[in-house]
Amino acid sequence: MKTNSFLHMAFMATALSMSMAACSNDDDDNTSAETDTYVWGTDGSIKTCDHLLFDADGMADAEGTMIGNGDKEFVFKGEQTLAKGTYLLRGWVYVADGSVLTIEPGTVIRGEKESAATLIIEPGGKIIAQGTAQEPIVFTSAQDKGNRKPGDWGGLILCGNGTNNKGVLGQQIEGGPRTKHGGEDAADNSGILSYVRVEFAGYPFQKDKEINAVTFGSVGSGTQVDHIQVSYSNDDSYEWFGGNVNCRYLIAYNGWDDEFDTDNGYSGRVQYALSVRHPRIADTSQSNGFESDNDADGSLTTPFTSATFSNVTFIGPMGRDDFENTTDYINGGDVYPQNGSALGKFQAAMQIRRSSHLACFNSVAVGYPIGLIIDAQKGNTQEYAKAGDLKLQNIFMAGMGITGSDANKRYVDDLYDAVGKAVIDANQESYSTTYFKAQTGNRVYADQADLLLTAPSQYADLLPACMPQSGSPLIGAASFSDTQLSTWFEQTDYVGAFAAGDNWMDGWTEFDPQQADY
């Protein structure tokens, strides 16, 4: 009896061991001899695993420095913390529903060019990337110092279960990944992005179709987003497709297309944002500071895009480096990537169109060919502006080519019918200009110098003038009396992203990422 029991127990132990090995060694090509702790599966045709780290050959290695197993797409299903260090991101790596990726402060993640490396947080998944001012988390190019270009890797994508105007899981995220987003939980939580830099992202997965540097798809207000710097994106620096997430302290530096793009019912709030353009980089679609749509067709679908911004500073290309808004001048400079992304011209500090209900307060824009376009070609944007559903108040513009235009790619300030494509009155200012001048607190200055701006002393060789000096008309000009600013927003006395002498960029930013040592 004892002998039979012993044999039975030995048989069961052997069978259990074989079963565990079969579960963890689902694919011999991705499991090293040293470990059997990686649990594999499949999600459709894509391999899944409860671990993220691999060696350079795609073999399971808990001490590895490659994120993803090397496949074009890889799904992480588990919870893992990346210790402070430098890692290579390879392929499209999805953080699936129920999974959590934590990244320690000071970590550097280098995106591989050949695989269009992209990190995608799916609805129900979370990223906890909480850097510090002393140790920011950096997502950057894997190319050598001095050879980094826009579009060297994919980008950072967060998707959630917040609301949008395409329905529950009704929209696939832009850029090619499989992920659908959208739900009914406005307070959904996709994690934390704090003190994070994203550099040289925006790989073109098709001709003239790039992944944004940072993309939010239906991300809820339970998500923390603050102190983010995007540099040299090959598409938009930030784009929100629906969602309700609130953001503070955003920087868009030398991007390719638009800086802050809002779509599909995004209704969150953003305060303290800086946009700085490279005079020789603009997209074929015409680059803007704001580009805002309700959706691509300008439909009246709810919830409307109704984001509220306050304390934004837009620094356009005019007035620097003998700027000319021509395709001869706008040649990409020394960072032209030669990856098929087409160059174009600069357009407006703000283009609001396709039935958007965007609101912006206490902000300043300088040096764009056009200040404002309230574009009526699709949807009812101008009618919403007249009804007060679109709000632009306490906005200072200076050194613009023209204050306003009524149509996309039209650089003339006259009253124009964008639908019929005909001039209504060549001697009358555009509706966009008339509207802007009539709103509470808005001002137009002929010259940028009138605003008394200066460059931060520690970045004087890298940044144009963007902070107010003593005596600037921006100081003391803010107003938070509108009801849309009554909650969440911090009340300041200044217009724009900065008070005089107050530099929230200190310590964690990098304005010369080409030469940074990673």
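Up top is the structure these notes are about.
Since this is a predicted model, take the numbers as computed values, not measurements.

1. Things to note about the overall build of the protein
Thinking step 1. Looking only at helices and strands, one finds three helices and 37 strands in the protein.
Thinking step 2. By its C-alpha atoms, the protein is 105 × 45 × 40 Å across when sized along the principal axes.
Thinking step 3. Out of the 518 residues belonging to the protein, those deemed buried represent 59%.
Thinking step 4. Within the structure as shown, the protein displays about 19,300 Å² of accessible surface, and the carbon and sulfur contribution to it stands at 47%.
Thinking step 5. Here the protein holds 34 positive side-chain charges and 69 negative ones, and the gap between their average locations is 3 Å.

2. A short note on helix 3 (residues 431-438)
Thinking step 1. Of all the residues in helix 3, the buried ones are Tyr431, Ser432, Thr433, Tyr435 and Phe436.
Thinking step 2. Contacts made by the buried residues of helix 3 are with strand 30 (370-375), helix 2 (381-387), strand 31 (391-398), strand 32 (402-405), strand 33 (415-417) and strand 35 (443-445).

3. Topic: the environment of glutamine 271
Thinking step 1. Note that glutamine 271 resides in strand 25 (residues 269-276).
Thinking step 2. The exposure class of glutamine 271 is buried, given its relative accessible area of 0%.
Thinking step 3. Each C-alpha atom of the pair glutamine 271 and phenylalanine 489 lies 7.0 Å from the other, and the pair is 218 residues apart in sequence.
Thinking step 4. For glutamine 271, the side chain forms a polar contact with the main-chain oxygen of glutamate 490, separated by 2.7 Å.

4. A few points about the pattern of salt bridges
Thinking step 1. Counted under the stated rule, the structure contains 19 salt bridges.
Thinking step 2. Between aspartate 71 and lysine 47 there is a salt bridge, with its nearest N and O atoms 3.9 Å apart. Of the two residues, aspartate 71 is situated in the loop between strand 4 (66-67) and strand 5 (73-76) and lysine 47 in strand 2 (residues 46-49); the sequence distance between them amounts to 24 residues.
Thinking step 3. The structure contains a network of salt bridges with shared partners spanning Asp43, Lys77, Glu122 and Arg178.

5. Observations regarding the packing of aromatic side chains
Thinking step 1. Enumeration according to the criterion identifies 30 aromatic pairs in this entry.
Thinking step 2. With 5.9 Å between their ring centres and 85 degrees between their planes, tyrosine 232 and tyrosine 253 make a pair best called edge-to-face. Residue tyrosine 232 is found in the loop between strand 21 (224-231) and strand 22 (238-241), and its partner tyrosine 253 is found in strand 23 (residues 247-253); the two are separated by 21 residues along the sequence. By the burial criterion, tyrosine 232 is buried, and tyrosine 253 matches it.
Thinking step 3. Taken together, Phe216, Tyr238, Trp240, Phe260, Tyr266, Phe290, Phe309 and Phe314 form an aromatic cluster joined through their ring pairs.
Thinking step 4. The ring of tryptophan 92 has lysine 72 sitting right over it, with the charged end atom 4.1 Å from the ring centre.
Thinking step 5. We note arginine 280 situated over the ring of tyrosine 329; from NZ or CZ to the ring centre the distance is 3.8 Å.

6. Observations regarding the side chain of aspartate 295
Thinking step 1. Locating aspartate 295 in the fold gives a position in the loop between strand 26 (290-292) and strand 27 (308-315).
Thinking step 2. Among the residues examined, aspartate 295 registers a relative accessible area of 3% and is labelled buried.
Thinking step 3. Here the side chain of aspartate 295 touches glycine 298 through a polar contact of 2.8 Å, landing on its backbone nitrogen.
Thinking step 4. Polar side-chain contacts of aspartate 295 include one of 2.3 Å to the side chain of serine 299.
Thinking step 5. Beyond its immediate chain neighbours, meaning those up to four positions away, aspartate 295 contacts Lys166, Asn264, Thr301 and Arg354.

7. A look at unusual backbone geometry
Leave glycine aside and you will find that most residues have negative phi; peptide bonds, for their part, are mostly trans.
Thinking step 1. In this model, threonine 302 is joined to proline 303 through a cis peptide bond whose omega is -5 degrees.
Thinking step 2. Its place among the elements puts proline 303 in the loop between strand 26 and strand 27.
Thinking step 3. Despite not being glycine, histidine 227 has its phi angle at roughly 55 degrees, a positive value.
Thinking step 4. The residue histidine 227 is located in strand 21 in this model.

8. Topic: a negative patch on the surface
Thinking step 1. Residues Asp321, Asp322, Glu324 and Asp328 make up a contiguous surface patch of negative charge.
Thinking step 2. If you trace the backbone, aspartate 328 turns up in the loop between strand 27 and strand 28 (348-353).
Thinking step 3. We classify aspartate 328 as exposed; its relative accessible area is 69%.

What counts and what doesn't
- Residues numbered from 1 in each chain as written.
- Predicted model: local features only at pLDDT ≥ 70, side-chain atom pairs only at ≥ 80, totals over all residues.
- Heavy atoms only, no water.
- Helix = DSSP H or I, 4+ residues; strand = E, 2+ residues; numbered from the N terminus.
- Buried < 20%, exposed > 50% of the residue type's maximum accessible area, 1.4 Å probe, protein only.
- Areas by Shrake-Rupley, 256 points an atom, 1.4 Å probe, with all protein chains shown as cover.
- Lys, Arg positive; Asp, Glu negative; His and termini not counted.
- Charge placed at Lys NZ, Arg CZ, Asp CG, Glu CD.
- Contact = heavy atoms within 4.5 Å.
- Polar contact = N/O pair within 3.5 Å; in protein donor to acceptor, adjacent residues only side chain to side chain.
- Salt bridge = Lys/Arg side-chain N within 4 Å of Asp/Glu carboxyl O.
- Phe/Tyr/Trp six-rings, centres within 6.5 Å; stacked < 30°, edge-to-face > 60°.
- Lys NZ or Arg CZ within 6 Å of the ring centre and 35° of its normal.
- Patch = residues over 30% accessible without salt bridge, like charges linked within 9 Å, V, L, I, M, F, W, Y side chains within 5 Å.

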